[in-house]
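Structural characterization, general
Each chain, written out:
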Amino acid sequence: GDSVTQMEGPVTLSEEAFLTINCTYTATGYPSLFWYVQYPGEGLQLLLKATKADDKGSNKGFEATYRKETTSFHLEKGSVQVSDSAVYFCALSGGGGGADGLTFGKGTHLIIQP
Amino acid sequence: DAGVIQSPRHEVTEMGQEVTLRCKPISGHNSLFWYRQTMMRGLELLIYFNNNVPIDDSGMPEDRFSAKMPNASFSTLKIQPSEPRDSAVYFCASSLRVPNTEAFFGQGTRLTVV
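Heads up: these notes are all about the structure in this document. Keep in mind it's a predicted model, so treat the numbers as computed, not measured.

Glancing now at the overall build of chain B. Secondary structure assignment for chain B yields 0 helices and 11 strands. The order of α-helices and β-strands along chain B, N terminus first, is β-β-β-β-β-β-β-β-β-β-β. Rg of the C-alpha trace for chain B: 13 Å, near the compact-globule value of 13 Å for 114 residues, within the 12% margin. The C-alpha extent of chain B, read off along each of the three principal axes, is 40 × 30 × 25 Å. When burial is assessed residue by residue, chain B has 46% of its 114 residues classed as buried. Put simply, of all contacts in chain B between residues at least 6 apart along the chain, 54% involve residues at least 24 apart. Surface accessibility of chain B: about 5700 Å² in total, with carbon and sulfur atoms responsible for 51%. Side chains of chain B carry 11 positive and 12 negative charges; the gap between the two charge centres is 3 Å.

So, on to unusual backbone geometry. Residue B:Pro8 follows B:Ser7 across a cis peptide bond; omega there is -10°. On the secondary structure map, B:Pro8 appears in the loop between strand E1 (5–7) and strand E2 (10–13). Geometrically, the link from B:Gln80 to B:Pro81 is a cis peptide bond, its omega value of -5° lying close to zero. Tracing the backbone through its elements, the reader meets B:Pro81 in the loop between strand E8 (74–79) and strand E9 (88–95). Positive phi outside glycine occurs at A:Lys60, with the angle close to 55°. Looking at where A:Lys60 falls in the secondary structure, it is placed in the loop between strand E7 (56–59) and strand E8 (62–65). Backbone geometry places A:Thr71, a non-glycine residue, at a positive phi of 45°.

Enumeration over the complete set of coordinates arrives at 12 salt bridges over all chains. Between A:Asp55 and A:Lys52 there is a salt bridge, with its nearest N and O atoms 3.3 Å apart. Among the ionic pairs, B:Arg64 bridges to B:Glu62, the shortest N-O distance being 2.9 Å. Residues joined by salt bridges that share partners form a network here, namely B:Glu62, B:Arg64, B:Glu83, B:Arg85 and B:Asp86.

With respect to the helices and strands, the residue A:Trp35 is situated in strand E5 (residues 32–38). Under the relative-accessibility criterion, A:Trp35 is labelled buried at 0%.

What follows concerns the side chain of B:His29. Assignment of secondary structure puts B:His29 in the loop between strand E3 (19–24) and strand E4 (31–38). When neighbours within four sequence positions are excluded, B:His29 is seen to be in contact with B:Ser94, B:Ser95, B:Leu96 and B:Phe104.

On to the interface of chain A and chain B. Counting from both sides, the interface comprises 22 residues of chain A and, opposite them, 20 residues of chain B. With both sides pooled, the region where chain A packs onto chain B buries about 1600 Å², and carbon together with sulfur makes up 50% of that total. There are 1 salt bridge connecting chain A and chain B. Here B:Glu102 makes a salt bridge to A:Lys49, at a shortest N to O gap of 2.7 Å. Counting across the interface, chain A meets chain B through 5 residue pairs in polar contact (both at pLDDT 80 or more). Going through the elements one at a time, E5, strand E6 (44–50) and strand E10 (86–93) of chain A are the ones with two or more residues in the side of chain A that touches chain B. If one sorts the elements of the side of chain A that touches chain B by residue count, E5(A) sits on top with 4 residues. Partitioned by chemical class, the residues of the side of chain A that touches chain B number 10 nonpolar, 8 polar and 4 charged.

The rules behind the values
Residues numbered from 1 in each chain as written. Chains lettered and ligands numbered in written order. Predicted model: local features only at pLDDT ≥ 70, side-chain atom pairs only at ≥ 80, totals over all residues. Heavy atoms only, no water. Helix = DSSP H or I, 4+ residues; strand = E, 2+ residues; numbered from the N terminus. Rg over C-alpha atoms; globule rule 2.2 N^0.38 Å. Buried < 20%, exposed > 50% of the residue type's maximum accessible area, 1.4 Å probe, protein only. Contact = heavy atoms within 4.5 Å. Areas by Shrake-Rupley, 256 points an atom, 1.4 Å probe, with all protein chains shown as cover. Lys, Arg positive; Asp, Glu negative; His and termini not counted. Charge placed at Lys NZ, Arg CZ, Asp CG, Glu CD. Salt bridge = Lys/Arg side-chain N within 4 Å of Asp/Glu carboxyl O. Buried area = accessible area lost by both parts, 1.4 Å probe. Polar contact = N/O pair within 3.5 Å; in protein donor to acceptor, adjacent residues only side chain to side chain. Nonpolar A, V, L, I, M, F, W, Y, C, P; charged D, E, K, R; others polar.

Written out as structure tokens, the structure reads:
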């Protein structure tokens, strides 16, 4: 079935540092890929998405590029802020295997220190 | 739109009691998902509905769990009897029933079974 693997956390960075959170996936079809963010005590919010190979999703300074050849969708941001501290989930849907809905990675807890 | 609405936000109950979690999806969405989030297992898809019909409940952990969707604007997840290992955050999400689309999440119900 479909699966998503993302780097284990927590990831601790200083403000204004460069961020990369790795995500790779396994899917039998042609999935769409997503990054969700979860702030403390809240539900998941869509951060960005890409629906086909070589698409780049971007939002709030975050970017991720759908790389079919490496089955990856790494999240990047050039200069993080304390307010970016949250848990980040990589996810896919429509991969052709498993149930409808989203398949999530286990999440990466990001901590930004001032 | 108010988004996906879940109630209650917090629930504390004694082992053996019945617990009912409620969800109102976004108006017009025809897919609804129940997820469970724990530290150990991350986000797990429990069950999803398309057009009010349960499509896949293979993620429901035991017969103690049941879910219903009597109409397009309401769903329940019931645990009877509850056990301490059911303690988790339960999320409801909804989406349009189109390929590769994102899901919108409620704020979750934090369940504690003592």
